[in-house]
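Chain by chain, the residues run as shown.
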Amino acid sequence: MDFSVKKLASDAGVFFTRAVQFTEEKLGQAEKTELDAHFENLLARADTTKNWTEKIFRQTEVLLQPNPSARIEEFLYEKLDRKIPSRATNGELLGQYMLEAATDFGPGTPYGSTLIKVGECQRRLGGAEREFMQTASVAFLGPLRNFLEGDWRTISKERRLLENRRLDLDACKTRLKKAKAAEAKAAATPDFQETRPRNYVLSASAAALWSEEVDKAEQELRVAQTEFDRQGEVTRLLLEGIGSTHVNHLRCLHEFVEAQAVYYAQCAGVGALFQNIFAVNTSFGSPSAGSPGADALRVEEVKPPPAGTRKAKVLYDYDAADTSELSLLADELITVYTVPGMDPDWLVGEKGNQKGKVPVTYLELLS
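Residues numbered from 1 in each chain as written. Predicted model: local features only at pLDDT ≥ 70, side-chain atom pairs only at ≥ 80, totals over all residues. Heavy atoms only, no water.

Novice: Please explain the packing of aromatic side chains as it appears in this structure.
Specialist: How two aromatic rings sit relative to each other is given by the distance of their centres and the angle of their planes. Tallying each qualifying case throughout the model produces 8 aromatic pairs. When the centroid spacing of 5.3 Å and the interplanar angle of 20° are considered together, the rings of F105 and Y111 count as stacked. Each ring, one from F132 and one from F256, has its centre 6.0 Å from the other, and the planes form 40°; the classification is tilted. Of this pair, F132 sits in helix 5 (residues 110–188) while F256 is found in helix 7 (residues 242–283), placing the two residues 124 residues apart along the sequence. F256 matches F132 in its accessibility class, with the two residues each being buried. Here the aromatic cluster, defined as three or more aromatic residues joined through ring pairs, consists of F132, F140, F256, Y263 and Y264. Its end group placed over the ring of W52, K55 keeps NZ or CZ at 4.6 Å from the ring centre. K357 extends its terminal NZ or CZ atom over the ring of W346, reaching a point 5.6 Å from the ring centre. (Phe/Tyr/Trp six-rings, centres within 6.5 Å; stacked < 30°, edge-to-face > 60°. Helix = DSSP H or I, 4+ residues; strand = E, 2+ residues; numbered from the N terminus. Buried < 20%, exposed > 50% of the residue type's maximum accessible area, 1.4 Å probe, protein only. Lys NZ or Arg CZ within 6 Å of the ring centre and 35° of its normal.)

Laid out in structure tokens, this is it:
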């Protein structure tokens, strides 16, 4: 207990000394050890990196999860180190409701059959959104969070230690300066008159005491300078590591953009399905529906054009919405071609003995 009290008193004394030194510096009454220009540039770059990383992180969170209540819930689960419960996206919920409604209305009715097709598209959009959110959270948000909660906290801690070492160093310089001034004053005013020998002894004793004080202050200054230099080197190494942080964040940014591009491509593919659904429904029951040439394209009857065919690589899985379409698997190679009067967003695809329409956005055409 006695040791704890002594340590508490010592820490309080150090804190008070630093506070006095800091106040005197602000008032211009004490000298301040300045850091070199390169070190100041490192500090400025670190602060800028932290500020912008924090803003990008917060706004990306809002982009991926606009609901603030859901963000707070996910934050609490993360802090409690518990698994975040699976939550359906809005698109998935909408698709589910449409499919359930189609069951009640009758899947054979025009409204019910269209609800089924649109509901499946909404579920695809919701699934694509879920994949994008998961990928972006792991590949982009995770590294940014690790920097803010890990690396930056370490840098901030070492910077505070460096500031304390600087205050201690400046306090030692001030003490040494005062001790030397007092020693010089004591040495300059001794009384050598024989009629007053007592004053001479007192003056000599005072000079010796101040000389000891100067030696002690010089020793403390050497120790403080060593600690300041050591802490400065540690902090400098951490600040120079900000360059590596930029490289890592650049890689994560590439992964984020790639995930976003895949997500938008999947949305474009579903958009093409929407156009196909309502193009069919618009012609259904119209006066010209039964006229020659107005029938839907019979894919099984079309032949490759004289201009030839091309090979294409499938980028994403695709499930056929009806019998006129061809289901695809990512990375497989298929033969494609177009026919006159066909929607430009679609091609005729063949693999083996299977044939059907395929969306262009799901393909990479090869030369």
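Having seen the model, we can carry on.
Novice: Could you clarify how one ought to interpret helix 5 in this entry?
Specialist: In an α-helix, one turn spans 3.6 residues, which is why side chains three or four residues apart end up on the same side. Relative to the 117 Å expected for 79 residues at 1.5 Å per residue, helix 5 spans 111 Å between its end C-alpha atoms, a close match to the ideal helical length. By the largest-angle criterion, S137 marks the main kink of helix 5, which is about 40°. (Expected span 1.5 Å × (residues − 1). Bend = angle between axes of the 7 residues up to and from the residue.)

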